Amino acid sequence: MKHLATTAALFASLLLIASCSSKPETLPEQAPQQQSTADTAPADDANATTDAAGPSGELLSKRIVYFDFDRADIRADSQTVVAAHARYLAANPTQKVRLEGHADERGSREYNIGLGERRGQAVRRALLLQGVAEVQLSTVSYGEERPAAAGSDEQTYALNRRVEIIYIR
Amino acid sequence: MPHKIERMKKLAAFLLLATFGCANPVFAQLKLTITQGVTDPIPIAVVPFARAVPADGGVDVAAIVQRDLESSGRFKGMARTDMLTTPTTSAEVDIAGWKQQRNDYVVVGRLTALANGDVAIDAELVNVLTGQRLLGQKWTVQPRNLRNGAHRVADAIYEKILGVRGAFATRIAYVSVDGKPPAQRYQLIVADADGENPRIILNSQQPLMSPAWSADGDWLAYVSFERRVSAVYVQQVRTGQRRMVSARAGINGAPAWSPDGKKLALTLSGSNGNLDVYLLDLTTQQLTRLTDDAGIDTEAVFTADGSAIYFTSDRSGNPQVYRLGLGANERPRRVTFTGSYNARPRISPDGKQLAVLTLDEGAYRIGVQDIATGTMQILSKGRQDESPSFAPNGAMVILAGRERGQGVLQTISIDGQTSFRLNADAGEVREPVWGPFLP
């Protein structure tokens, strides 16, 4: 019962938040009749693709490939990491990974979506060339929308220009 | 058990009741600061309007009018404490007295409660140099729309004096982001052009980006990652009703409405990762490819007559803006040549200017290019400015900049002379888009 009461209180607070969102002087012809939320979408589950899953080991525990400014080619220092994942995935054909491409915050947002995609595709192509099957790979680009680190300096930018290899359970 | 349920109901009822009492929204509220005005702003006295108590709900119409006019950077309002009289009709205006206090114009007005519950706003504009009454107009609004009524008064005064339609009674949409990466919350918000009256259109724990207004101001298109991949949605602002219109494999991005509201230009990559611009017919769902190039083609925007699009492409090796006529057998034509980075084009309402994100001396700034001559003028002064969007009267551009690591909104007049800033009290705000004139 206590749980129910808590749930009710939580629900009511949610209503409170929702109704507080529009001020009383809102124009009737402009006020949303309902507030939309994207959070209830079934696919929107932050735990759906946790990278806690997947193989361990010195190279395989490295799941991030970094890139130079405005570039999408895999640097020499990342080739061995990508190769290790390729070997593992080729040996485990039921294992799927998601390649999340990212850009640093400079420049236009939609263009950066393109840059993130280019990086994700570069890693995808490298994996395909090394024997991974297409069905094991999916890509998504977040552009500059999901930075790994906050800040406006070269060090931060370098951390944000990346592809994350995410093992799907 | 029943008594516990009863208690629960009471608790819920209490919390529900509490919702009606809350005055402040729980998200970032924008605060307008005038950062730069013209050197000789026009002196104007906006005298407090005669109130309609209690119908006006305490809304200070004259204060809103004065703030609007000052936010344009073209006007300097007289301080109320300096006003010797407070006339509410033009007949009561002591022309010589106001002139002696160095005003060029005086605005007077009064609110009247009507029998049907509406409030009438009567406003008059007097030129104290000539003694001429330039404007006498009445607006009838519901009490809750008094702010909007005040913006319409400011629009009329602005137009009467400057000869350009005011854009104070318009809206902006923007994205608000809260929290430290990677745990961030995103909101799509619609507010009045002065940042007031904000309303949440969408909440998400995944990125929201690229809002775009339909030409009639009824709909917003945007990109949401709520399914953990990008998808394009259209949403009716008034009802909140929304619809996913593109969730194809790969990228679904950069939506732009055709002027008739029937089509969307958008960016798709397919599974091979090659970004190109497509045209989606919202009625038939028919998809037409507009560009076909191995580079990144994105950020399309229609010309006002819908006969062409401008878009960003890095087919030349770095991002530049191209124009593509939508007639038969037309080819993209490059239009930006100043510097190594020009992206996110937006066309002025008169079709004569192109606002772009440009790399200027190592800084990302907003430039405005004259389409006929190709001359680029740098408008903003930040290091990481982005997302330019024209006001519907073409007089101002709203853009996003960074201040102490936080995203803030800023408007700059097209001649670069005046600007104001919209700071959020919490979190950061980005991707402002200025909506059209409202009927």
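Residues numbered from 1 in each chain as written. Chains lettered and ligands numbered in written order. Predicted model: local features only at pLDDT ≥ 70, side-chain atom pairs only at ≥ 80, totals over all residues. Heavy atoms only, no water.

1. With respect to the sheet that holds strand S29 (residues 419–424) of chain B
Residues and elements named next belong to chain B. With respect to topology, 5 strands assemble into an open sheet ordered S1-S29-S28-S27-S26, the strand pairing being antiparallel. Each edge of the open sheet is held by one strand with a lone partner, namely strand S1 (30–36) and strand S26 (386–390). On average, each strand axis in the sheet is tilted by 25° relative to the strand beside it, whichever way the strands run. Taken together, the 4 bridges between strand S28 (residues 406–413) and S29 define a ladder with antiparallel strand orientation. (Pairing = 2+ DSSP bridges. Helix = DSSP H or I, 4+ residues; strand = E, 2+ residues; numbered from the N terminus. Axes fitted to C-alpha atoms, helices over the stretch in contact; angles between N-to-C directions.)

2. Concerning the pattern of salt bridges
This model, assessed by the stated rule, comprises 34 salt bridges over all chains. The partner of Arg365(B) in a salt bridge is Asp360(B), and the shortest N-O contact between them spans 2.8 Å. Here Arg365(B) matches Asp360(B) in class, with each residue buried. Each of Glu105(A), Arg109(A), Glu144(A), Glu145(A), Glu386(B), Arg402(B), Glu428(B) and Arg430(B) takes part in a single network of salt bridges with overlapping partners. (Salt bridge = Lys/Arg side-chain N within 4 Å of Asp/Glu carboxyl O. Buried < 20%, exposed > 50% of the residue type's maximum accessible area, 1.4 Å probe, protein only.)

3. Structural notes on the packing of helix H2 (residues 61–71) of chain B against helix H4 (residues 146–162) of chain B
Residues and elements named next belong to chain B. Closest axis-to-axis distance for the H2/H4 pair is 8 Å, and the angle between their directions is 50°. Here H2 lies oblique to H4, going by the angle between them. In this structure, the crossing between H2 and H4 has a hand that is right-handed. Taken together, the residues of H4 that come into contact with H2 (itself represented by Val61, Ile64, Val65, Asp68 and Leu69) are Leu146, Arg147, Ala150, His151, Val153, Ala154, Ile157 and Tyr158. Each residue belonging to the contact of H2 with H4 can be placed in one class, and the counts come to 10 nonpolar, 1 polar and 2 charged. (Parallel < 35°, antiparallel > 145°, perpendicular 65-115°, else oblique. Left-handed = near helix turned anticlockwise from the far one by under 90°. Contact = heavy atoms within 4.5 Å. Nonpolar A, V, L, I, M, F, W, Y, C, P; charged D, E, K, R; others polar.)

4. Considering the sheet that holds strand S11 (residues 219–224) of chain B
All names here are of chain B. Taken in spatial order, the 4 strands make up an open sheet running S10-S11-S12-S13, and their pairing is antiparallel. Since the sheet does not close on itself, it has two edges, and those belong to strand S10 (208–213) and strand S13 (242–246), each with one partner. The mean angle between the axes of side-by-side strands here comes to 25°, regardless of whether they run parallel or antiparallel. Alignment of S10 against S11, held across 4 bridges, turns out to be antiparallel. Within S11, the position partnered with Met209 by the bridge is Val223.

5. Here we look at the nonpolar core
Residue and element names in this part refer to chain B. Counting residues in hydrophobic clusters, the biggest one holds 49 residues, and the most contacted among them are Ile44, Phe49, Val65, Leu69, Ile121 and Ile157. Here this core gets 8 residues from one element, more than from any other, and that element is H4. Met209, Ala343, Leu379 and Leu399 belong to the second largest nonpolar core, which has 37 residues in total. (Core = buried A, V, L, I, M, F, W, Y, C linked by side-chain atoms within 4.5 Å.)

6. A short note on the pairing of strand S6 (residues 132–141) of chain B
Residues and elements named next belong to chain B. Two elements, strand S5 (residues 119–127) and S6, share 9 bridges in a ladder whose sense is antiparallel. Across the sheet, residue Ala123 finds its bridge partner in S6, namely Gln137. Counting the residues that bridge the hairpin from S5 to S6 gives 4 residues, and of these Gly131 lies at a positive phi of roughly 80°.

7. Overview of the pairing of strand S18 (residues 297–302) of chain B
Residues and elements named next belong to chain B. Of all 6 residues in S18, 6 are buried, a share of seventy percent or more. Pairing between S18 and strand S19 (residues 308–313): 4 bridges, direction antiparallel. Note on S19: the bridge partner recorded for Thr298 is Thr312.

8. With respect to the confidence of the model for chain B
Confidence in the prediction of chain B, expressed as mean pLDDT, is 92, and 93% of residues score 70 or more. Under a pLDDT of 50 for its full length, residues 8–25 of chain B has, in the predicted model, 22 contacts with residues more than four places off or in other chains. (pLDDT = per-residue confidence, 0-100.)

9. Examining H4(B)
All names here are of chain B. The end-to-end C-alpha separation of H4 is 24 Å, in line with the 24 Å expected for 17 residues at 1.5 Å each. With 13 of 17 residues buried, H4 is to be regarded as a mostly interior element. Count one or two residues on from H4 and you reach Gly163, which has phi positive near 75°. (Expected span 1.5 Å × (residues − 1).)

10. Side note on the side chain of Glu431(B)
Relative to the assigned elements, Glu431(B) resides in strand S30 (residues 428–434). There is a polar contact of 3.0 Å between the side chain of Glu431(B) and the backbone nitrogen of Ser210(B). Those residues in contact with Glu431(B) that lie beyond four places of it in its chain are Arg109(A), Ala173(B), Tyr174(B), Val175(B), Leu208(B), Met209(B), Ser210(B), Pro211(B), Ser387(B) and Ala400(B). (Polar contact = N/O pair within 3.5 Å; in protein donor to acceptor, adjacent residues only side chain to side chain.)

11. A look at the confidence of the model for chain A
All names here are of chain A. Residues of chain A with pLDDT of at least 70 account for 69%, and the chain-wide mean is 78. This model gives residues 4–35 a pLDDT under 50, and the stretch forms 73 contacts once residues within four places in sequence are excluded. Low confidence marks residues 40–51, where pLDDT is under 50. Its contacts with residues over four positions away, or in another chain, come to 20 contacts.

12. So, H2(B)
When you tally the buried positions in H2(B), you get 8 out of 11 residues, the bulk of the element. All buried positions along H2(B) are accounted for by Val61(B), Ala62(B), Ile64(B), Val65(B), Gln66(B), Asp68(B), Leu69(B) and Ser71(B).

13. A few points about the environment of Thr312(B)
Of note, Thr312(B) is situated in strand S19. When its relative accessible area of 0% is taken as the criterion, Thr312(B) is described as buried. Sequence spacing of Thr312(B) and Arg334(B) is 22 residues, and the spatial spacing of their C-alpha atoms is 9.5 Å. Apart from the residues lying within four places of it in its own chain, the contact partners of Thr312(B) are Tyr111(A), Ile296(B), Asp297(B), Thr298(B), Glu299(B), Pro319(B), Gln320(B), Asn342(B), Ala343(B), Arg344(B) and Pro345(B).

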